[in-house]
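Given next are the chains, with one letter for each unit.
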Amino acid sequence: TAKNNAIYSFNDKCYISISNSTVTATSTDNRSIFIEEDGEETITISNSTVTVTGSNCAVYAPKVEVTGNSVVEMKATITDTPDDDYCALGGCGDNFIVAETLEVLASTEVDGSNPVPYVKADRVKYDWVKIAAPAPTLYDVWVAGTQVTSANAADVLGDGAASYDAATNTLTVSKNITATGTTQ
């Protein structure tokens, strides 16, 4: 937690990499994560949980990349007129890159109420942005007491014994499965 810029770099060609970590960055009077821009500077977040809260801007960088199994939540209490400097995610414009397996939601409310799919062209309107894997689809199929979901369908029990193909509605069992005491 800092008054101005909890994580900050002013150097040319600076890269901030957050990998396999849990990070909470809070700034009470400015941006929480900030890279002075020259064009190539990048914040890369991979397989991490990052919560960023800032006054006027949560994250500001020329380029932001989010990959892997990351969960990133950005909140900004906007006290000035929203623009590229005053929003949850500023500075990156079209250089906001998110892995296709992740979902990006946004809200004009700092508490994240009424989230909608993130639209780059509307980025200056958002006080809250969250990036995470979408909630898994639940299927009405159970194996040894475990409900099949889009997240576990390739290996339902985690031991290679069963898989499920939602497109063909086919459960494939490749090993013996013993289920006792279950009703599903």
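Before reading further, recall that the structure is shown in the block above.
In this numbering scheme, every chain counts its residues from 1 along its sequence in written order. A pLDDT threshold of at least 70 governs which residues receive local features in this predicted model, and a stricter bar of 80 or more applies before side-chain atom pairs are shown or counted, although totals over entire chains, interfaces and linings include all residues. Excluded from the side-chain calculation are hydrogens and water; included are all heavy atoms of the structure.

A. Geometry of the sheet that holds strand β14 (residues 128–132). When DSSP finds two or more bridges between two strands, those strands count as paired. Helix numbers and strand numbers start at the N terminus; a helix is a DSSP run of H or I with at least 4 residues, a strand a run of E with at least 2. An order of β3-β6-β9-β14-β12-β13 is seen for the six strands of this open sheet, with the pairing classed as mixed. At either end of the open sheet lies a strand with only one pairing partner, and these are β3 (22–26) and β13 (116–117). In this structure, β3 lies alongside strand β6 (residues 49–55), joined through five bridges in parallel fashion. By the bridge assignment for β6, threonine 26 is matched with threonine 53.

B. Region of interest: the pattern of salt bridges. Basic side-chain nitrogens of Lys or Arg form a salt bridge, by our definition, when they fall within 4 Å of a carboxyl oxygen of Asp or Glu. Considering all chains together, one arrives at one salt bridge under this definition. In this structure, lysine 125 and aspartate 122 form a salt bridge, with 3.6 Å as the shortest nitrogen-oxygen distance. Think of it in three bands: residues with accessible area under 20% of the maximum for their type are buried, residues over 50% are exposed, and the middle band is partly exposed, with areas taken using a 1.4 Å probe on protein chains only. A relative accessible area of 26% means that aspartate 122 is categorised as partly exposed.

C. Fine view of the packing of aromatic side chains. The pairing test for Phe, Tyr and Trp rings, Trp by its six-membered ring, is centres within 6.5 Å, and the orientation test on the planes gives stacked under 30 degrees, edge-to-face over 60, and tilted for anything in between. Under the counting rule described, the total for this entry stands at two aromatic pairs. With a centroid separation of 5.3 Å and 40 degrees between ring planes, the pair formed by tyrosine 118 and tyrosine 126 is classed as tilted. A relative accessible area of 13% places tyrosine 118 in the buried class. For tyrosine 126, a relative accessible area of 5% gives the class buried. Ring geometry for tyrosine 139 against tyrosine 164: centres 5.2 Å apart, planes inclined by 50 degrees, an arrangement best described as tilted. Here tyrosine 164 lies in strand β17 (residues 162–165) and tyrosine 139 lies in strand β15 (residues 138–143), a separation of 25 residues in the sequence. Each member of the pair, tyrosine 139 together with tyrosine 164, is buried.

D. Summary view of the side chain of serine 70. Following the sequence through the fold, serine 70 ends up in the loop between β8 (63–67) and β9 (71–77). Among the residues examined, serine 70 registers a relative accessible area of 0% and is labelled buried. Under the rule applied, a polar contact is a pair of N or O atoms within 3.5 Å (in protein, one hydrogen donor and one hydrogen acceptor; residues adjacent in sequence only if both atoms are side-chain atoms). In this structure the side chain of serine 70 is engaged in a polar contact, spanning 3.3 Å, whose partner is the backbone nitrogen of serine 48. In this description, contact between two residues means that some pair of their heavy atoms is separated by no more than 4.5 Å. Excluding anything up to four places from it in sequence, serine 70 contacts Ile45, Ser46, Asn47, Ser48, Leu102, Ile131, Ala132 and Ala133.

E. Summary view of the environment of asparagine 30. Here asparagine 30 is to be found in the loop between β3 and β4 (33–35). For asparagine 30, a relative accessible area of 24% puts it in the partly exposed group. The spacing of asparagine 30 and valine 59 is 29 residues in sequence and 10.0 Å in space, taken between C-alpha atoms.

F. Local environment of the pairing of strand β18 (residues 170–173). Examined bridge by bridge, β17 and β18 share four bridges and lie antiparallel to one another. Of the residues in β18, the one forming a bridge with tyrosine 164 is leucine 171.

G. Inspection of a nonpolar patch on the surface at higher detail. Residues Leu171, Val173 and Ile177 make up a contiguous nonpolar surface patch of about 220 Å² in total accessible area. Relative to the elements of secondary structure, isoleucine 177 occurs in the segment after β18. When its relative accessible area of 30% is taken as the criterion, isoleucine 177 is described as partly exposed. The patches reported here contain residues having more than 30% relative accessible area and no salt bridge. Joining distances are 9 Å for like charges and 5 Å for nonpolar side chains (Val, Leu, Ile, Met, Phe, Trp, Tyr). Here the accessible surface of atoms and residues is derived via Shrake-Rupley with a 1.4 Å probe, and residues count as covered only by protein chains that are part of the display.

H. Expanded view of the nonpolar core. Take the buried residues of types Ala, Val, Leu, Ile, Met, Phe, Trp, Tyr and Cys, join any two whose side-chain atoms come within 4.5 Å, and each joined set is a nonpolar core. Membership of the largest hydrophobic core comes to 28 residues, with the highest contact counts inside it found for Ile43, Val59, Met74, Val129 and Ile131. Among the elements that take part in this core, β9 stands out by supplying three residues, more than any other. The next biggest cluster of nonpolar side chains, apart from the first, holds eight residues, and it includes Tyr139, Val141, Ala153 and Ala162.

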